[in-house]
Amino acid sequence: PGMGTQVYEATMGCHGGEHCDAEFRKTGIDLPDGSRGIVGAIFDITRRKRSEAERRASELKFATVFQASPDGIVVSTLDEGRILEANRGFERISGYCRDELVGASALDLGLWVDLAERQRVRDKVLAGLPLIDLEMRLRRKSGEVVTVLYAAQRVESGGQTCILSITHDISDRK
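Described below are features of the structure shown in this document. It should be emphasised that the depicted structure is a prediction, and the values quoted were computed from it without experimental measurement.

The next thing to look at is the nonpolar core. Within soluble globular proteins, side chains that are nonpolar generally end up buried alongside one another. If you look at the biggest cluster of nonpolar residues, it comprises 23 residues, and the most contacted ones within it are Phe90, Leu101, Leu109, Leu111, Leu138 and Tyr150. Broken down by secondary-structure element, the contributors of at least two residues to this core are strand E5 (83-86), helix H2 (88-94), helix H4 (106-109), helix H5 (115-126), strand E6 (131-139) and strand E7 (145-157). By residue number, the principal contributor to this core is E7, which donates 4 residues. Leu111 has contacts with Phe90, Ser94, Tyr96, Ala106, Arg137, Leu138 and Arg139, leaving out every residue within four places of it along the chain.

And the structure:
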């Protein structure tokens, strides 16, 4: 019975005193004389590890900005308009808590005051055109209608086409 393939990762010294990330793979084999042996390989995974670290740092930066923004930020699916993520700024503007927002659509919640405007926004974003500073009306959970500046951009998230939207409440200017 073989031992299966075992995989290990480690940091090791490389040329010029630099450090490299390596992946070690080994597996047991049966030799023709009936004895057992081990076959192994070492792969340099330094680039992959650095790329993963950069991606994690970028995701952390995005998450920090996303949550810290006083403006409402929402990621929703383009096809159904289902909200995948919403920040505290959007909770404040809409009056809904995150648990009420995630999984629902803006249509379900009645956020769009003008449904024709929603279709125009969707068509523009579907065409890949960014939308910047569109003044529109949004209905809060309480039924109150507020005026906002709305921006939207088509993005890919988790293999699906989404809309990243930013909403800035300008009701106090009106």
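Turning our attention to the packing of aromatic side chains. Tallied over the entire structure, the rule returns 2 aromatic pairs. A centroid spacing of 5.6 Å and a plane angle of 40° characterise the contact between Phe62 and Phe66, whose relative ring orientation is tilted. Taken as a pair, Phe62 and Phe66 lie in helix H1 (residues 46-68) at a separation of 4 residues, close to a single helical turn. For Phe66, a relative accessible area of 4% gives the class buried. Look at Trp112 and Tyr150: their rings are 5.8 Å apart centre to centre, the planes differ by 70°, and that puts the pair in the edge-to-face class. Taken together, the positions of Trp112 in the loop between H4 and H5 and Tyr150 in strand E7 put the pair 38 residues apart, joining distant regions of the chain. What makes Trp112 buried here is its relative accessible area of 11%.

In spatial order, the strands read E5-E4-E8-E7-E6; together these 5 strands make up an open sheet with antiparallel pairing. Sheet topology places E5 and E6 at the edges, where each strand pairs with a single neighbour. Strand after strand, the sheet turns through a mean of 30° between neighbouring axes, direction not considered. Pairing analysis gives 10 bridges linking E7 to strand E8 (residues 160-169), with the strands arranged antiparallel. Of the residues in E8, the one forming a bridge with Glu156 is Thr161. Here H1 sits on the sheet and contacts strand E4 (72-77) and E5; the angle it forms with E5, its principal contact strand, is near 75°. Against the sheet, H5 contacts E6, E7 and E8, and its axis sits at roughly 150° relative to E6.

Relative to the elements of secondary structure, Gln67 occurs in helix H1. Given a relative accessible area of 24%, Gln67 falls into the partly exposed group. Put simply, Gln67 and Arg137 are 70 residues apart on the chain and 23 Å apart in space, counted from C-alpha to C-alpha. For Gln67, the contacting residues outside a window of four places in its chain are Glu85, Ala86, Asn87 and Arg88.

With respect to the helices and strands, the residue Ser69 is situated in the loop between H1 and E4. For Ser69, a relative accessible area of 15% puts it in the buried group. Polar contacts involving the side chain of Ser69 include one to the main-chain amide nitrogen of Asp71, which spans 3.1 Å. Not counting residues up to four positions away in its chain, the partners in contact with Ser69 are Asn87 and Gly89.

Calculation criteria
Residues numbered from 1 in each chain as written. Predicted model: local features only at pLDDT ≥ 70, side-chain atom pairs only at ≥ 80, totals over all residues. Heavy atoms only, no water. Core = buried A, V, L, I, M, F, W, Y, C linked by side-chain atoms within 4.5 Å. Buried < 20%, exposed > 50% of the residue type's maximum accessible area, 1.4 Å probe, protein only. Helix = DSSP H or I, 4+ residues; strand = E, 2+ residues; numbered from the N terminus. Contact = heavy atoms within 4.5 Å. Phe/Tyr/Trp six-rings, centres within 6.5 Å; stacked < 30°, edge-to-face > 60°. Pairing = 2+ DSSP bridges. Axes fitted to C-alpha atoms, helices over the stretch in contact; angles between N-to-C directions. Polar contact = N/O pair within 3.5 Å; in protein donor to acceptor, adjacent residues only side chain to side chain.

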